[in-house]
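Residues per chain, in single letters:
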Amino acid sequence: MIWKLSLTGIKSRLKDYTVLFSGLVVASMIFYMFLSLAINPGFMSHDVNAPGNYLSFIFGFGIVLLAIITFVYLVYANSFLLSMRQHDYGMFMMLGAKSSRIGLLIFCETLLTGIIAAVLGIFIGFGLTALISKLLIANLGLKITHFQVILPSAIIWTLIFFVAIFFLAALRNAHKLVRSKVIDLLHESQKPIKLSRKNGLRVFEAILGIVLLAAGYYIMRMPASAIFFIIPAALITIVAGTYFTFDSLFTLIINFLLKRKNFAYRGIRIFTLGQLKFRIRDYTRILSVISLLFALALGAITVGLNFNSLNDQAVKSTYYDATIIENSPAVQKNVDKIDIKTRSTYHYVETKKDVYFDKSEFEKTPLRDVKFKQNGNNFPIYKPVTLKTSELTMKDSYAGNVLRIQTNTLGKTVKLVSSNQLKNIQGQKKFITLITVKDFVKDYLTLMKLEKVQLASNPAMAQALSRTKPFSYQMILGFTSGFEFMGFFLGIAFLTMLASTLMFKVLSGAASDKMRYEMLYKIGTKVLKQSIRHEIGVLFLLPGILGVIDVLFGLRLFTALLPHPYMGFWVPFSIFIVLYFIYYAVTVKLYENLVLQK
């Protein structure tokens, strides 16, 4: 009988349960997506060329952070479940149902809902992970080849985490319902909210919040060499400052607006401001968390996108785009495909101790290289230079070392002779052609094939050929592509999670808000919908604004890692604004359906 009543109750609230279930599916899907990225062995070892300890620290921190976010999200999703069902359970108990049976019922419902959502989320996660990874790789031009979509270890850990969380949630729900009085279950939404009226303390707390935020932003402007002080100090000050700001400053602003009668008494602003006053006091912790997560998610995408600037550094750091040491048909086939800008050929004869070059060829086309100097941000400024021919034969000279590296003749003496003399010298007759192209990025793949063909047939020149620009660019491209992929992937995942958390926090209070809107229903639905849009809009806007400010200051931390951390920041900001607005619009629509039902 109880199960029949329960199913009837679920059927009557099918729309609400659809929202809850879809949110839980999204949570498990994102958790799986993150784990599939974090513990993907092929991706870590091949696509992200970074120190293992460094990646272990980043993803260890990321997994802990994601677990905390997911836990907070599930707490609010669970409170939404309770807010929907506690009135029904109270009615069951009034009809004579035993509290132990009701407790068992809510335990099974909560656990079953969580398990089904986790399993479905994992399966959807397969498809979404594959889709997002392909879109990112295709649209960003990334080089990702070892990313596994279906990862057994990620599936197992996702199931373990969600089953454990929902088991604890089921125990909590059952315990709360068994211990609660029937009258409390029936009238939980009608309990008044107590507000503190200690304005002096509020003013002090607001000032303290602003001071702490300013201190945190100032700390993040310090030199990157003090990174081990900057991160913990900025974390403490900004977290505390954000909490105090939401707890007091915005409440004081609302109180100030309420006292301005010309503003507050237009339309139903007095009702909207009153709702916000109650909400912000109740939402202090969640808005603080959302603001910080917003900054982390937006920062992840912005920084990930800017890793692409390291590719430009790799292109500028080497003057010649490719080295040619043979005239085979395979080499010539690749040479014909590229758009050559300059070509410099040097013939030489190599003996056991010396290497002889045609002096006239260097006089006609001098050897060139790139020198660099450090700028204020610890990033080099590259400048092409022409090497003096007279310095090529000097022992341990810069020009001589460059030439010996290019020809793989380190340890031998460089000698310059005339063309006729070179013909009469006994030894291995060789040549080297150094080329530049009009667009390296465009011809990169062909240049890479060119170097690999030569490397396969000239293993003795491996050391010289492996230092050419295509190989250096390939290494940097793998590093930047991996982190750019992670930044977009994780940023979007965090945004989805934090926006869903805020959505469920708003929806979980719909039951208590419904009566207040019923009293004002006669005013007109249009006016109430406008009030709801403004009210929820403020709740979404405040953490978003503070999160953006955090990002703008926080990006300075990456000046030691990226040459231009602020470059193109409008792209991730635009992506975030669009996705964040979609969540806002969905939340408004769902909230209206809950509180404006006739």
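No experiment lies behind these values; they were computed from the predicted model shown.

## Observations concerning the overall build of the chain
Turning to step 1, where the next piece is worked out: Along its length, the chain carries 23 helices and seven strands.
Turning to step 2, where the next piece is worked out: Of all 598 residues assigned to the chain, the portion counted as buried reaches 49%.
Turning to step 3, where the next piece is worked out: Considering only contacts within the chain whose residues lie at least 6 apart along the sequence, 82% involve residues at least 24 apart.
Turning to step 4, where the next piece is worked out: Taken as a whole, the chain presents about 29900 Å² of accessible surface, with 65% of it coming from carbon and sulfur.

## Some remarks on the packing of aromatic side chains
Turning to step 1, where the next piece is worked out: Taken as a whole and assessed by the stated rule, the structure comprises 15 aromatic pairs.
Turning to step 2, where the next piece is worked out: A ring pair is formed by Y217 and F553, whose centres lie 4.3 Å apart and whose planes are at 10°; its orientation type is stacked. Residue Y217 is found in helix α8 (residues 199-219), and its partner F553 is found in helix α22 (residues 525-554); the two are separated by 336 residues along the sequence.
Turning to step 3, where the next piece is worked out: Overall, Y217 belongs to the buried group, its relative accessible area being 9%.
Turning to step 4, where the next piece is worked out: On the accessibility criterion, F553 (27% relative accessible area) is partly exposed.
Turning to step 5, where the next piece is worked out: Taking 4.4 Å as the distance between ring centres and 10° as the angle between the ring planes, the aromatic pair formed by Y346 and F362 counts as stacked. Of this pair, Y346 sits in strand β2 (residues 340-350) while F362 sits in helix α15 (residues 359-364), and the two are 16 residues apart along the sequence. For the pair formed by Y346 and F362, the shared burial category is buried.
Turning to step 6, where the next piece is worked out: Linked through ring pairs, F294, F540, Y580, F581 and Y584 together constitute an aromatic cluster.
Turning to step 7, where the next piece is worked out: The ring of Y398 carries K371 above its face, with NZ or CZ at 4.7 Å from the centroid.
Turning to step 8, where the next piece is worked out: Directly above the aromatic system of F440 lies the positively charged group of K469, at a separation of 5.2 Å from the ring centroid.

## Looking at the confidence of the model for the chain
Turning to step 1, where the next piece is worked out: For the chain, mean pLDDT is 75; residues scoring 70 or higher make up 72% of the total.
Turning to step 2, where the next piece is worked out: Looking over the chain, one finds the lowest element-wise mean pLDDT in helix α7 (residues 182-186), namely 49, and the highest in strand β3 (residues 354-358), namely 90.
Turning to step 3, where the next piece is worked out: A low-confidence stretch, residues 49-54 stays under pLDDT 50, and its non-local contacts, those more than four residues away or across chains, total eight contacts.

## Some thoughts on a nonpolar patch on the surface
Turning to step 1, where the next piece is worked out: The grouping of I115, V119, F123 and V163 at the surface amounts to a nonpolar patch, some 310 Å² of accessible area in total.
Turning to step 2, where the next piece is worked out: Among the elements that make up the nonpolar patch, the one with the highest residue count is helix α5 (residues 99-140) (three residues).
Turning to step 3, where the next piece is worked out: With respect to the element layout, F123 can be found in helix α5.
Turning to step 4, where the next piece is worked out: Looking at F123, the relative accessible area reads 55%, which means it is exposed.

## Some words on the pattern of salt bridges
In a structure, side chains of opposite charge can pair up when their charged atoms sit close to one another.
Turning to step 1, where the next piece is worked out: Enumeration over the complete set of coordinates arrives at five salt bridges.
Turning to step 2, where the next piece is worked out: Salt-bridge contacts for D339 lead to K438; the nearest nitrogen and oxygen are separated by 4.0 Å. In this pair, D339 is assigned in the loop between α14 (329-335) and β2 and K438 in the loop between β7 (428-437) and α18 (440-457), connecting sequence segments 99 residues apart.
Turning to step 3, where the next piece is worked out: For D339, a relative accessible area of 38% gives the class partly exposed.

## Considerations on α18
Turning to step 1, where the next piece is worked out: When the terminal C-alpha atoms of α18 are compared, their 24 Å separation across 18 residues agrees well with the 26 Å that a helix rising 1.5 Å per residue should span.
Turning to step 2, where the next piece is worked out: The sharpest bend along α18 measures roughly 35° and falls at T446.
Turning to step 3, where the next piece is worked out: In this structure D439 caps α18, since a side-chain oxygen of it lies 3.3 Å from the backbone nitrogen of V441.

## Quick word on the side chain of T237
Turning to step 1, where the next piece is worked out: With respect to the helices and strands, the residue T237 is situated in helix α9 (residues 227-259).
Turning to step 2, where the next piece is worked out: Here the side chain of T237 touches A233 through a polar contact of 2.9 Å, landing on its backbone oxygen.

## Overview of the packing of helix α12 (residues 284-306) against helix α23 (residues 570-595)
What describes two packed helices is the angle between their axes and the distance between those same axes.
Turning to step 1, where the next piece is worked out: In the contact formed by α12 and α23, the axes pass within 9 Å of each other and the chain directions differ by 140°. Our classification of the angle between α12 and α23 gives oblique. The handedness of the crossing between α12 and α23 is right-handed. Across from I290, F294, A297, L298, I301, T302 and L305 in α12, the residues of α23 making contact are V571, P572, F573, F576 and Y580.
Turning to step 2, where the next piece is worked out: Each residue belonging to the contact of α12 with α23 can be placed in one class, and the counts come to eleven nonpolar, one polar and no charged.

## What to know about the pairing of β2
Turning to step 1, where the next piece is worked out: Across ten bridges, β2 lies against β7 in antiparallel orientation. Note on β7: the bridge partner recorded for R343 is I435.
Turning to step 2, where the next piece is worked out: Alignment of β2 against β3, held across three bridges, turns out to be antiparallel. Bridge assignment links V349 to a residue of β3, and that residue is Y356.
Turning to step 3, where the next piece is worked out: Between β2 and β3, which follow one another and run antiparallel, lie three residues.

## Considering the nonpolar core
Turning to step 1, where the next piece is worked out: Among the nonpolar cores identified, the biggest contains 89 residues, and L498 and Y591 are the most heavily contacted of them.
Turning to step 2, where the next piece is worked out: Per-element tally for this core: the top contributor is helix α20 (residues 469-508), with 14 residues.
Turning to step 3, where the next piece is worked out: Sequence-distant contacts of Y591, defined by excluding residues within four places in its chain, comprise Q275, R279, V506, L507, A510, D513, Y517, I532, E535 and I536.
Turning to step 4, where the next piece is worked out: With 20 residues, the next largest nonpolar core counts Y320, V385, V414 and L434 among its residues.

## Description of the sheet that holds β7
Turning to step 1, where the next piece is worked out: Spatially, five strands are ordered β1-β7-β2-β3-β6 in an open sheet, and the strand pairing comes out mixed. Looking along the sheet, the strands with just one partner apiece sit at the ends: β1 (322-324) and β6 (413-417). Averaged over all pairs of adjacent strands, the angle between their axes in this sheet comes to 30°, without regard to strand direction.
Turning to step 2, where the next piece is worked out: Across the face of the sheet, helix α16 (residues 398-407) comes into contact with β1, β2, β3, β6 and β7 while running at roughly 105° to β7.
Turning to step 3, where the next piece is worked out: Its contacts with the sheet place α18 against β1 and β7, and it is angled at close to 35° to β1.

## Some remarks on unusual backbone geometry
Turning to step 1, where the next piece is worked out: Of note, the phi angle at N408 is positive, near 55°, even though the residue is not glycine.
Turning to step 2, where the next piece is worked out: Mapped onto the fold, N408 is located in the loop between α16 and β6.
Turning to step 3, where the next piece is worked out: Looking at N408, the relative accessible area reads 23%, which means it is partly exposed.

## Quick look at the environment of A499
Turning to step 1, where the next piece is worked out: Looking at where A499 falls in the secondary structure, it is placed in helix α20.
Turning to step 2, where the next piece is worked out: The class of A499 is buried, set by a relative accessible area of 0%.
Turning to step 3, where the next piece is worked out: Each C-alpha atom of the pair A499 and F581 lies 9.7 Å from the other, and the pair is 82 residues apart in sequence.

Rules of the game
Residues numbered from 1 in each chain as written. Predicted model: local features only at pLDDT ≥ 70, side-chain atom pairs only at ≥ 80, totals over all residues. Heavy atoms only, no water. Helix = DSSP H or I, 4+ residues; strand = E, 2+ residues; numbered from the N terminus. Buried < 20%, exposed > 50% of the residue type's maximum accessible area, 1.4 Å probe, protein only. Contact = heavy atoms within 4.5 Å. Areas by Shrake-Rupley, 256 points an atom, 1.4 Å probe, with all protein chains shown as cover. Phe/Tyr/Trp six-rings, centres within 6.5 Å; stacked < 30°, edge-to-face > 60°. Lys NZ or Arg CZ within 6 Å of the ring centre and 35° of its normal. pLDDT = per-residue confidence, 0-100. Patch = residues over 30% accessible without salt bridge, like charges linked within 9 Å, V, L, I, M, F, W, Y side chains within 5 Å. Salt bridge = Lys/Arg side-chain N within 4 Å of Asp/Glu carboxyl O. Expected span 1.5 Å × (residues − 1). Bend = angle between axes of the 7 residues up to and from the residue. Polar contact = N/O pair within 3.5 Å; in protein donor to acceptor, adjacent residues only side chain to side chain. Axes fitted to C-alpha atoms, helices over the stretch in contact; angles between N-to-C directions. Parallel < 35°, antiparallel > 145°, perpendicular 65-115°, else oblique. Left-handed = near helix turned anticlockwise from the far one by under 90°. Nonpolar A, V, L, I, M, F, W, Y, C, P; charged D, E, K, R; others polar. Pairing = 2+ DSSP bridges. Core = buried A, V, L, I, M, F, W, Y, C linked by side-chain atoms within 4.5 Å.

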